[in-house]
Amino acid sequence: MAEGAVGRGLPRNWVFLLLGAAVVPGALLVLVGRSLEEPAVQAWRTVCLAVTVQALPFLLLGTALSGAINAFVPASVFQRLLPKRPALAVPVAGMAGVVLPGCECASVPVANSLIGRGVTPAAAFAFLLSAPAVNPVVLTATAVAFPGKPGMVLARLLASLVTAAVMGWLWLWRGREEWLRPVVRHTGHRAGADRWTEFRRGFQHDFLHAGGFLVVGAMAAATFNVAVPRSVLDTFAGSVWLSVLFLAALAILLAVCSEADAFVAASLSGFSPVARLTFMVVGPMVDLKLIALQAGTFGRAFAVRFSSATVVVAVVCSAVIGGVLL
């Protein structure tokens, strides 16, 4: 059996390597864990797990939807639904984000699949930004978190849609193909292939690939949560503009799922309504785990430029629309 395994390309001592892979990590976790029972370490572990567990179901939803689009939906469908002109396809794709009940983790693999199915990248990116911010689940959560304040819900909807559209148009104007390096993935919907096999392979690839970057982003968010004391928040709350910029940065670092960020924003009662709106607009579009997911899916050159521009546009839209409605 071992000789046959070696003949198929496995290492000679593959049995021992398999046993080591199964036993050694667990033994290290037990030994190291006993020496890391400090409260700060426990808090870090709790936050990291919370961010990962909170986002994982929506990542599962997004990769399943991505696999379904990849395997079952012909490219001609998107060509019929979206306007021919890319400039008009951008706002239409942004509005389409209203129908997907998922968070930012779900939107990245879906946007990647849309580009693979022939959708112009500008429209796919508008969908990527709008879907986690304007879907019914998020808007309902915002209404519950801010009872009696429909203006906050409307402001979040408008600021998010405008930001998504502006970023789509900005990509049409200044975007370059060399910045975009999508990962090589199972293409799906090939003539004569079994659709369910195509779905399974595409789903497996996207989920395992994006899941690794999700964990990296969750670890970074947990580190910030533990390292920054509460007193720092109170220092920035007194200044109107500093509070807006601070909550924008906080949204990026905390990496709270869009279905829960309204409740976090509502708890920051010391900050102005415009600052809390900025927190809810920036967070679903740019955070640590989303930057990691974008870098793993489209390449680092894209993630750095696109995320930086999105933060600027989102802050400006939040300040302008929030200043009028709130």
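Residues numbered from 1 in each chain as written. Predicted model: local features only at pLDDT ≥ 70, side-chain atom pairs only at ≥ 80, totals over all residues. Heavy atoms only, no water.

Now for the confidence of the model for the protein chain. A low pLDDT means the predicted coordinates there should not be read in detail. Chain-level pLDDT for the protein chain is 76 on average; 72% of the residues reach the 70-or-more range. Contacts from residues 1-10, a stretch scored under 50 in pLDDT, to residues over four places away or in other chains number 6 contacts. (pLDDT = per-residue confidence, 0-100. Contact = heavy atoms within 4.5 Å.)

Another aspect to go through is the packing of aromatic side chains. Each aromatic ring pair is described using two quantities: the centre-to-centre distance and the angle formed by the ring planes. Within the structure shown, the criterion is met by 8 aromatic pairs. Ring centres of F125 and W171 lie 5.2 Å apart, and the angle between their planes is 90°; on these two criteria the pair is classed as edge-to-face. Here F125, found in helix α7 (residues 121-134), pairs with W171, found in helix α9 (residues 150-174); they are 46 residues apart in sequence, far enough to count as distant. When its relative accessible area of 1% is taken as the criterion, F125 is described as buried. Consider the rings of F302 and F306, whose centres lie 4.8 Å apart with planes at 20°: the pair is stacked. Here F302 pairs with F306, and both are found in helix α16 (residues 300-325), just 4 residues apart, close to one helical turn. (Phe/Tyr/Trp six-rings, centres within 6.5 Å; stacked < 30°, edge-to-face > 60°. Helix = DSSP H or I, 4+ residues; strand = E, 2+ residues; numbered from the N terminus. Buried < 20%, exposed > 50% of the residue type's maximum accessible area, 1.4 Å probe, protein only.)

One turn of an α-helix holds 3.6 residues; hence residues three or four places apart share an orientation. Across the 10 residues of helix α14 (residues 273-282), 9 count as buried, placing the element largely inside the fold. Contacts from the buried residues of α14 go to α8 (136-145), α9, α12 (240-254), α13 (261-267) and α16.

Its place among the elements puts T46 in helix α3 (residues 39-72). Using a relative accessible area of 53% as the deciding quantity, one classes T46 as exposed. Taking the C-alpha atoms as reference, T46 lies 8.1 Å from A222; in sequence the two are 176 residues apart.

This paragraph deals with a nonpolar patch on the surface. There is a patch of nonpolar side chains on the surface, built from L154, L158, V312, V316, V320, V324, L325 and L326 and spanning about 670 Å² of accessible area. Contributing elements (two or more residues each) for the nonpolar patch: α9 and α16. Element by element, the count of residues in the nonpolar patch is highest for α16, at 5 residues. For V316, a relative accessible area of 47% translates into the label partly exposed. (Patch = residues over 30% accessible without salt bridge, like charges linked within 9 Å, V, L, I, M, F, W, Y side chains within 5 Å. Areas by Shrake-Rupley, 256 points an atom, 1.4 Å probe, with all protein chains shown as cover. Salt bridge = Lys/Arg side-chain N within 4 Å of Asp/Glu carboxyl O.)

The geometry of a pair of packed helices is captured by two quantities: the angle between their axes and the separation between those axes. Close contact between α14 and α16 brings their axes to 9 Å; oriented N to C, the two are set at 140°. Viewed along their axes, α14 and α16 adopt a mutual orientation that is oblique. Note that α14 runs across α16; the crossing there is right-handed. The residues of α16 that touch α14, namely those facing V274, L277, T278, V281 and V282, are A314, V315, S318, A319, G322 and G323. Residues that form the contact of α14 with α16 fall into these classes: 7 nonpolar, 4 polar and no charged. (Axes fitted to C-alpha atoms, helices over the stretch in contact; angles between N-to-C directions. Parallel < 35°, antiparallel > 145°, perpendicular 65-115°, else oblique. Left-handed = near helix turned anticlockwise from the far one by under 90°. Nonpolar A, V, L, I, M, F, W, Y, C, P; charged D, E, K, R; others polar.)

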